[in-house]
Amino acid sequence: MKTELAVALDFPTREQAEDFLARLKNLSAADQKRVVLKVGLELFLATGADWVRSLIANGYRVFLDLKFHDIPNTVVGAALQAGRMGADFFTLHLSGGGPMMQKVKAALDQAVSEKEFAKRPRVLGVSVLTSFSEKDFAAVYSGKGVSDAVRDWVSLGQASGVDGIVCSPHEVAQVKSQFPSLFTVVPGIRPSGSDAGDQARVMTPKDASKAGADLIVVGRPITQAKDPVAVIQSILGEL
Ligand code: C5P
């Protein structure tokens with residue numbers, strides 16, 4: 001399967017997001033179809049669910065990156081709302097535990113079989129936030145090491161029915177070899193020559209694709225570019 005591109009719409013206001021989306025109109029229809037829009041907490045809180053529904057109504061595929069983490073009943077409710085909204089992807093924390101993920105899977109499968117909504121969103125598990133140092137992580141998780149936690153949580157996610165996981169470009173090859181059926185979503189991508197910014201471990205779109213990324217996430221190299229359309233076209237050309 002061809003690697004797809006998600007653009008992280010990390011804007012603080014609806015106006016800035018809409019100015020950016022207006023520029024995407026210069027993409028060819030075929031290229032527009034290949035782009036997924038990732039909406040995170042900042043923009044979601046600035047715009048609201050109806051604005052996201054309007055993106056979907058306009059034909060965009062949406063990746064709702066709200067990283068759900070709560071008791072199973074609450075996360076199931078949120079997952080069903082994501083499905084009713086028509087999101088293609090949403091994230092939850094793998095550390096929410098097996099029963100939470102199993103119940104989300106069961107609820108989505110049932111909603112689709114009962115035709116409550118047609119398209120089942122893909123459930124993406126977030127493992128250890130890349131901002132954690134070993135020391136800070138051990139302080140929260142009683143001495144557990146980061147790489148042990150990533151291995152254990154991804155394995156739990158796979159066994160509990162998540163569709164994919166978010167991982168760094170340097171983990172994707174290993175994840176794919178261990179869990180070939182998991183869909184891999186990979187941030188920390190920098191087209192060659194662009195500024196790494198605050199991302200410590202980066203990879204080019206082409207290398208991430210070769211390593212097994214199913215969906216790469218690119219934010220600032222596109223959203224802050226003078227010519228975002230040219231950057232998107234060049235990335236799509238590499239995939
Ligand atoms: O601007 P940049 O390309 O660095 O944006 C990457 C996007 O991926 C941001 O929305 C960021 O929150 C997200 N992300 C990340 N690293 C993770 C998980 C998510 O950069 N481990």
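Preceding block: the structure.
Let me sum up the structure you'll find in this document. Each chain has its residues counted from 1, running along the sequence as written. Two thresholds apply to this predicted model, a pLDDT of at least 70 for residue-level local features and 80 or more for giving and counting side-chain atom pairs, whereas whole-chain, interface and lining totals are computed over all residues. The side-chain values count all of the structure's non-hydrogen atoms but skip hydrogen atoms and water molecules.

Turning to the overall build of the protein, a few remarks are in order. Within the protein one finds 12 helices and 8 strands. Radius of gyration here is computed from C-alpha atoms only, and the compact-globule reference equals 2.2 Å multiplied by the residue count raised to the power 0.38. The C-alpha radius of gyration computed for the protein amounts to 17 Å, which stays within 12% of the reference 18 Å derived for 239 residues, consistent with globular compactness. Considered along the principal axes of its C-alpha atoms, the protein spans approximately 45 × 40 × 35 Å. A 1.4 Å probe rolled over the protein chains alone gives each residue an accessible area, and that area as a share of the maximum for its type sets the label: buried under 20%, exposed over 50%, partly exposed in between. Going through the 239 residues of the protein one by one, you find that 49% of them count as buried. The contact criterion used throughout is that any non-hydrogen atoms of two residues lie within 4.5 Å. Pairs at least 24 residues apart make up 68% of the contacts formed inside the protein by residues separated by at least 6 positions. To measure how exposed things are, a 1.4 Å probe is used in the Shrake-Rupley method; for residues, cover is taken only from the protein chains shown. Counting only carbon and sulfur atoms, one obtains 51% of the accessible surface of the protein, whose full area is about 11400 Å². On the protein, the mean spot of the 27 positive side-chain charges and the mean spot of the 26 negative ones are 4 Å from each other. Numbering of helices and strands runs from the N terminus, with a helix taken as a DSSP run of H or I at least four residues long and a strand as a DSSP run of E at least two residues long. In this tally Asp and Glu are treated as negative and Lys and Arg as positive; neither His nor the chain ends contributes. Just so you know, the charge point we use is NZ for Lys, CZ for Arg, CG for Asp and CD for Glu.

Classification of ring pairs rests on two measures: the distance between centres of Phe, Tyr or Trp rings, Trp counted by its six-membered ring, which must be within 6.5 Å, and the angle between planes, read as stacked under 30 degrees, edge-to-face over 60 and tilted in between. Scanning all chains against the criterion turns up 8 aromatic pairs. Measuring from centroid to centroid gives 5.4 Å for F68 and F90, while their planes differ by 40°, and the two rings are tilted. Highlighted residues: F68 in strand β3 (residues 61-68) and F90 in strand β4 (residues 89-93), separated in sequence by 22 residues. A relative accessible area of 14% places F68 in the buried class. Centroid distance F137 to W153: 5.8 Å. Interplanar angle 55°. Geometry classified as tilted. With a gap of 16 residues between them, F137 in helix α7 (residues 134-140) and W153 in helix α8 (residues 146-159) connect regions that are remote in the sequence. Taken together, the aromatic side chains of F132, F137, Y141 and W153 make up a single cluster linked through ring pairs. The ring of F63 carries K38 above its face, with NZ or CZ at 5.9 Å from the centroid. Placement of a positive charge over a ring is assigned whenever Lys NZ or Arg CZ falls within 6 Å of the ring centre and within 35 degrees of the normal to the ring plane. Directly above the ring of F183 sits R122, whose terminal nitrogen or CZ lies 4.3 Å from the centroid.

Our focus in this paragraph is the layout of surface pockets. Only protein atoms enter the 1 Å grid used here, on which a cavity is any set of points holding a 1.4 Å probe that cannot leave and a pocket is any open set flanked by protein within 12 Å on both sides along at least five of seven lines; residues with an atom within 4 Å of a point are listed as lining. Grid points are joined across faces, edges and corners, and a volume is the space filled by probe spheres set on the points. What the largest pocket holds in volume is close to 1200 Å³. Lining the largest pocket are 41 residues, with T130, S131, P187, G188 and Q199 positioned closest to its centre. Looking at the lining of the largest pocket, the elements with two or more residues in it are β2 (35-40), α3 (41-47), β3, α8, β8 (215-218) and α11 (220-223). If one sorts the elements of the lining of the largest pocket by residue count, β3 sits on top with 4 residues. Note on residue categories: nonpolar means Ala, Val, Leu, Ile, Met, Phe, Trp, Tyr, Cys or Pro, charged means Asp, Glu, Lys or Arg, and polar means any other residue, Gly included. Partitioning the lining of the largest pocket into residue classes produces 22 nonpolar, 9 polar and 10 charged. In this model, the second largest pocket occupies a volume close to 310 Å³. In terms of lining, the second largest pocket is formed by 15 residues, of which the most central are K25, L55, N58, G59 and Y60. Elements with a minimum of two residues in the lining of the second largest pocket: α1 (14-24), α2 (29-33) and α4 (49-57).

Further remarks concern the environment of Q224. By the secondary structure assignment, Q224 is in the loop between α11 and α12 (228-238). On a C-alpha basis, the gap between Q224 and D207 in space is 22 Å, while along the polypeptide they are 17 residues apart.

Let's shift gears to the pairing of β3. Where burial is concerned, most of β3 is hidden: 6 out of the 8 residues are buried. In this description, strands pair whenever DSSP reports at least two bridges between them. The pairing of β2 with β3 spans 5 bridges and is classified as parallel. Within the sheet, the bridge partner assigned to G40 lies in β3 and is D65. Relative to β4, β3 runs parallel, the two sharing 3 bridges. Residue pairing across strands places F63 opposite F89, the latter belonging to β4. Taken together, β3, helix α5 (residues 72-85) and β4 form a β-α-β motif whose crossover is right-handed. For the handedness criterion, the strands are oriented away from the viewer, and a crossover whose path from the first strand over the helix to the second runs clockwise is classed as right-handed.

Further remarks concern the site of the ligand. The ligand sits among A8, D10, K38, T130, P187, R190, Q199, V217, V218, G219, R220 and P221. Under this definition, polar contacts are N or O atom pairs within 3.5 Å; protein pairs additionally need one hydrogen-donor-capable and one acceptor-capable atom, and for neighbouring residues in sequence, both atoms have to be side-chain atoms. A distance of 3.0 Å is found between a nitrogen atom of the ligand and a side-chain nitrogen or oxygen belonging to T130. In the environment of the ligand, an oxygen atom lies 2.7 Å from a nitrogen or oxygen atom belonging to the side chain of R220. Protein burial of the ligand: of its 470 Å² of free accessible surface, 79% is covered by the chains. According to the grid-proximity analysis, the pocket containing the ligand is the largest pocket. Elements represented by at least two residues in the shell around the ligand include exactly β8 and α11. Within the shell around the ligand, the residues separate by chemical class into 5 nonpolar, 3 polar and 4 charged. We define proximity as follows: a residue is near a molecule or strand when any one of its heavy atoms falls within 4 Å of that partner. Being in a pocket or cavity means that more than half of the molecule's atoms lie within 2 Å of its grid points.

Moving on to the environment of G237. Mapped onto the fold, G237 is located in helix α12. Taking the C-alpha atoms as reference points, G237 and D31, 206 residues apart in sequence, are found 10.0 Å from one another.

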